[in-house]
Each structure stands twice: as structure tokens, then as C-alpha cells.
Amino acid sequence: MIAIVDYRAGNLSSVARALAFLGHACEITDRPDAVARAERVILPGVGAAGATMENLRALGLDQVLTEQVIGAGKPFLGICIGIQVLLDSSEENDAKCLGVIRGHALRFPATTDGVRLKVPQIGWNRVNLLREHPLFDGIPDGTYFYFVNSYYPDLVDSGDAVALADYGVRFVAALARGPVMATQFHLEKSGGAGLRMLDNFCRYQAGRDAL
Amino acid sequence: MLSKRIIPCLDVRAGKVTKGVAFLDNVDVGDPVDMARYYYEQGADEIVFYDITASSERRAIMLDVVDRVARELFIPFTVGGGLRSLKDMRAVLLAGAEKVSIDSGAVREPGLIAEGAQAFGSQCVVLSMQVARRERSRQLPSGYEIVIDGGRLPTGLDAVEWARRGEELGAGELCVNSIDRDGTNLGYELELTRCIVDAVSIPVIASGGAGAPEHLLAVFNEAGADAAIVASIIHYGRYGLPELKEFLKEHGVEVREPYRPQRSSP
């Protein structure tokens, strides 16, 4: 069973609908025991980092995620806010996050080279692959994905980055360390390419990325 | 950087699309789900549904359409028409829409924009504006006025002021529809679009008047729109979405190329 973590915000049902469309059984849950039991876990959604972390802590999910999911080597996928949650901290609400991946979420600058930047970025942006990863199996370099974000991950170890996109700054659009993966873009809203990646995650077997 | 978005708009009345695609054999042209699927496969970047009846008893029919679309189309789609309360907005979002579009309801009760942004996030709230060209005056310094209730009722609100207010209240995007150009196929109202684009720092979706590929090129390159609504230009088969995108690409506009699956690595 795949658990979709319900942290009392965001629209989680579109990820559940996408998994149902792909034929993967899943459960939207806020129960620590259900998340701990799941074979793999997805943390999706749009939200503020501060509120998301507060809710995860209040529900007792932060420890379950770090110890019984990520610590136990189960496949984990963060989407949008889910990428920020993995980092040490976020500039948004000065939130302290899970600290699984070393890094900090930064806000896009208001201008770049004197040109005003619209924040959040809303729309389809091109994603460039830095390395192969099972999550991107079948996805050509330069594929467009749907983004809605004001913050982006600034990683301490660039080796965690899997793909980049450009929005005034070149930023990490996807990261992975072993079975822990995350995308800044919305897989559940990115058409066929997003569905393919969700399917890749659901089929992911640990060890395959050690190619 | 972001590609320019092309957004087909489907007008729905009592669960049926009111403008059909006459040239399609294998699509139920009245069925919003079939039409949406067709445009999705053609490379639409988003889809907008306007429920043009939007009475409370018809709302359940629309929610069913939204639910069916959300089960099989995995690109963002927006639902608008007659949304008057947080409850209306929540129902549409829970049924699976990515965004809600509010229009007359927001003019009557501007707090609705802030409430929606607070409850669901700004990225969910599109402020849709019906705009008419007028003489410039002290009350209407931009020379554009907001009209409501399907364009029938003038409000005395200046369009640029309303756009700024909408942004302040928390709208994530603005959809600017020229009622002078709507249905004319004469091209988007470029001056209006430019005015709004220059006044706000959120994405602007241009609407009303697309009749030829050049109109899209102009609204992106000259007016600076982030996205453009298309309706009759594609509904009646004069142009297909791939053809429009190809034209834009040839003229240097970044548009999203559809995903073509790559063979799996061994």
C-alpha cells in the first residue's frame, strides 16, 4: 500500500486520482501507524512550509517519516512542498524542516538582471536532467512540467540534485538520495510525463539507482 | 523560463458544452469530458470550464463533470461561473479542479478573493475580469471599465484599479476578457492586456477575440500575456492546437512541446 500523507492542507486528492488512474492502490492518511506501515510514502501538495511542518509535528508524523519511512529505507516521494519538507530549513516562515537532505529553501528573487520576476512561478517549465535516475525513466531531457512555487531548494551537496530548471535562477527541480526523491513540480498536473514519473515511483525498487 | 500557455475554454450549460467541434467524428461534441480529453491529447496546457447556467440546482451537474474530468486528465483545469462563496469554491476544488475562477461574485464581495486565497492558497484563485472599453475619465483613468453579470451591468470600477486590488487581495492570476472583442475573431485587446500586465506582478491570461495564429503571437509578444484563452478558433476546426503551437514556435515564442515517451533504459 502507498500512503499519501495528509497534513491538513493542500489538495491531496489529485495525487490519489492519478495513482488510481495508473492502477496503484493508495490511502490518504494522517495516522502515524498507517504511514509507518506503508510500503512507500508520498508527501504532496501546495502549502506554506511553516504550517506544513507544524501540522506534521502536531500529528506526530515528522518522526515517523524520518525514522520509520526514510530511516527504514522505504521509497519516499515529496512533491512541491514535499521537497522543502526534506531540507534543513526554509526561508518561508523560517521553518525548520526534516533535515533529511542538506539544504535550505530560498525565495525566488523579485528581479533578475533588472527584469521583474513573477513570484510564484505558475506554468510549464523545461526540466534538464543532470543524471540518470529510475524516477526519470522514459523521460527525455528538456521535458516540460507544471510548476507552482515561490521557493526553491538550495542544496549543500549538489550531488543530491537530479534535475534543474530555470526561472531567473537555475534551481534544483528534482533531487534524490537513495530511495528518497522529490520534485518541485507537480507530477499529478504534468500530463503524461508526470504520470510516467508517478508510475516509476510506484514501481521503484531500492538498489536500482546504484547503477 | 516558462512557456506561454494556451488554454481552451469550454462553455458548459447543464453539463453539456454549448459550442461544439463540428469536425470531429469520434468525440461526443456535447460532452465536456470528451472535449477536454480531446484538447488534452492535442497539447492544451490547461483547460477552463465556464458553467454559464451556474444556478444552485445545476451546480451538482457541474461538480459531476469536474469529478469525471479530474479522474482522467492530469493537467491543471479551472472552473468558473457563478461562484459566490467559499463553499462554492471548496466544492469545485474538492471535486478535483486545480483552480477556481471568480468574477461577478468577487466584484460584489471582494473579500471572497482574500478568503479563497487564505483557505486554498493564491495559486487556486483566478480573478476573472470582464472589461469594456470606455472614454477615459476621472472615474475610469485607464479607459476600461469592469462589467458584470455576463457583461450586462457596468460597475464604474476602473479595470486597472480592480486588477491591482485583486492582486493585493490575494488573487494568484488574472484572466482579462475583453467583452468588445469576445466572439469577434478580430484578435485580443492588446492595449487592455498590456495595461493590466504592466500594472500587476501576477500572471495575466488574455481572453476574447482569438481568430488567427497571429492574434496569439501578438498577445504574447506585444502585450506580454502569460497565457491566452482560445475558444471558437479551435472549436470550429479552423485551427488545431498543434498548428497554433507550431506557428508560435516558428516565430520564437516558447511553447510546451507535448511529452513523447522515451524507450525505457535497460
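Predicted model only: the values in this text are computed from it and were never measured. (Residues numbered from 1 in each chain as written. Chains lettered and ligands numbered in written order. Predicted model: local features only at pLDDT ≥ 70, side-chain atom pairs only at ≥ 80, totals over all residues.)

Trainee: Would you take a moment to explain the overall build of chain B for this structure?
Mentor: Per the secondary structure count, chain B includes 10 helices and 11 strands. Taken over C-alpha atoms, the radius of gyration comes to 18 Å for chain B, in line with the 18 Å a tight globule of 266 residues would show. When the 266 residues of chain B are sorted by exposure, 50% land in the buried category. (Helix = DSSP H or I, 4+ residues; strand = E, 2+ residues; numbered from the N terminus. Rg over C-alpha atoms; globule rule 2.2 N^0.38 Å. Buried ≥ 20, exposed ≤ 12 C-beta atoms within 10 Å, placed from the backbone.)

Trainee: Help me understand the sheet that holds strand β6 (residues 95-96) of chain A in this model?
Mentor: What links the strands of a sheet is backbone hydrogen bonding, and the strands pair in either a parallel or an antiparallel sense. Residue and element names in this part refer to chain A. Pairing is mixed in the open sheet, where four strands are placed in the order β6-β5-β7-β12. Looking along the sheet, the strands with just one partner apiece sit at the ends: β6 and β12 (151-155). Summarising the sheet, strand β7 (residues 103-107) and β12 pair through five bridges and their orientation is antiparallel. Note on β12: the bridge partner recorded for Gly-103 is Leu-155. (Pairing = 2+ DSSP bridges.)

Trainee: What exactly am I supposed to notice about helix α6 (residues 191-203) of chain A here?
Mentor: Counting along an α-helix, one turn takes 3.6 residues, and residues three or four places apart therefore face a common direction. Residues and elements named next belong to chain A. The end-to-end C-alpha distance of α6 is 19 Å, a good match for the 18 Å that 13 residues give at a rise of 1.5 Å each. Where α6 is concerned, the buried positions are Gly-191, Ala-193, Gly-194, Arg-196, Met-197, Leu-198, Asn-200 and Phe-201. Looking at the packing, one finds that the buried side of α6 touches α1 (13-22), β4 (76-79), β11 (143-149) and β15 (180-183). (Expected span 1.5 Å × (residues − 1). Contact = placed C-beta atoms within 7 Å.)

Trainee: Quick question: what am I supposed to make of the nonpolar core here?
Mentor: When a protein is soluble and globular, its nonpolar side chains tend to lie buried together. B:Ile7, B:Val100, B:Leu174, B:Ile196, B:Ile205 and B:Ala228 are the most contacted members of the largest nonpolar core, which totals 158 residues. Ignoring any residue separated from it by four or fewer positions in sequence, one finds B:Ile7 in contact with B:Ala44, B:Asp45, B:Glu46, B:Ile47, B:Val48, B:Ile205, B:Ala227, B:Ala228, B:Ile229 and B:Val230. (Core = buried A, V, L, I, M, F, W, Y, C linked by C-beta atoms within 7 Å.)

Trainee: Would you explain the pairing of strand β10 (residues 121-129) of chain A in this entry?
Mentor: A regular strand places its side chains so that they alternate between the two faces of the sheet. Residues and elements named next belong to chain A. Sheet analysis places β10 next to β11, joined by seven bridges and oriented antiparallel. Across the sheet, the residue bridging to Gln-121 is Asn-149, located in β11. The pairing of β10 with strand β13 (residues 161-167) spans two bridges and is antiparallel. Its bridge partner lying in β13, Leu-129 is registered against Ala-163.

Trainee: Help me out: how do you make sense of the interface of chain A and chain B in this one?
Mentor: Frequently, the measure chosen for interface size is the accessible area removed from exposure when the parts meet. Taken together, the contact between chain A and chain B spans 34 residues of the former and 29 residues of the latter. Tallied by class, residues from the side of chain A that touches chain B come to 14 nonpolar, 11 polar and nine charged. (Nonpolar A, V, L, I, M, F, W, Y, C, P; charged D, E, K, R; others polar.)

Trainee: Quick question: what am I supposed to make of the sheet that holds β15(A) here?
Mentor: Residue and element names in this part refer to chain A. What the nine strands build is an open sheet, ordered β2-β1-β3-β4-β15-β14-β13-β10-β11; its pairing is mixed. Edge positions in the sheet fall to β2 (26-29) and β11, since each has one partner strand and no second. When strand polarity is set aside, the average angle formed by the axes of neighbouring strands in this sheet is 30°. (Axes fitted to C-alpha atoms, helices over the stretch in contact; angles between N-to-C directions.)

Trainee: How do you make sense of unusual backbone geometry when you look at a structure like this?
Mentor: Note: most peptide bonds trans; most residues except glycine with negative phi. Residue A:Val119 is joined to A:Pro120 through a cis peptide bond whose omega torsion reads 5°. Despite not being glycine, A:Asp94 shows a phi value in the positive range, around 45°. Positionally, A:Asp94 belongs in the loop between β5 (89-90) and β6. One non-glycine residue, B:Asn185, lies in the positive phi region at around 60°. By secondary structure assignment, the location of B:Asn185 is in the loop between β9 (173-178) and α7 (190-199).

Trainee: Got a minute to help me understand the packing of α1(A) against α6(A) in this structure?
Mentor: For any two helices packed against each other, one specifies the crossing angle of their axes together with the interaxial distance. Residues and elements named next belong to chain A. Axis separation between α1 and α6 bottoms out at 10 Å; the angle between their running directions is 75°. One way to sum up the angle between α1 and α6 is to call them roughly perpendicular. Contact residues: Ala-18, Leu-19 and Leu-22 in α1; Leu-195, Leu-198, Asp-199 and Cys-202 in α6. Here the residues of the contact of α1 with α6 sort into six nonpolar, no polar and one charged. (Parallel < 35°, antiparallel > 145°, perpendicular 65-115°, else oblique.)

Trainee: Even after reading the chapter, I still don't get the environment of A:Tyr7, so can you show me in this structure?
Mentor: All names here are of chain A. For Tyr-7, the position within the fold is in the loop between β1 (2-5) and α1. The spacing of Tyr-7 and Gln-121 is 114 residues in sequence and 24 Å in space, taken between C-alpha atoms. Ignoring anything within four residues of it in the chain, the contact list for Tyr-7 reads Asp-30, Thr-52, Asn-55, Leu-56, Leu-59 and Leu-61.

Trainee: Please clarify how the pairing of β13(A) should be interpreted in this entry.
Mentor: Here β13(A) pairs with strand β14 (residues 169-177) of chain A via six bridges, running antiparallel. Within β14(A), the position partnered with A:Tyr167 by the bridge is A:Val169.

Trainee: Honestly, the packing of helix α6 (residues 159-169) of chain B against α7(B) in this entry has me stumped. Any pointers?
Mentor: Residue and element names in this part refer to chain B. Remark: α6 packs on α7, axes separated minimally by 9 Å, with the N-to-C direction vectors making an angle of 35°. In the packing of α6 onto α7, the handedness of the crossing is right-handed. Contacts between α6 and α7 involve Ala-159, Val-160, Ala-163 and Arg-164 on the former and, on the latter, Cys-195, Ile-196 and Ala-199. Of the residues belonging to the contact of α6 with α7, the class tally is six nonpolar, no polar and one charged. (Left-handed = near helix turned anticlockwise from the far one by under 90°.)

Keep in mind these numbers describe shape, not what the thing actually does.
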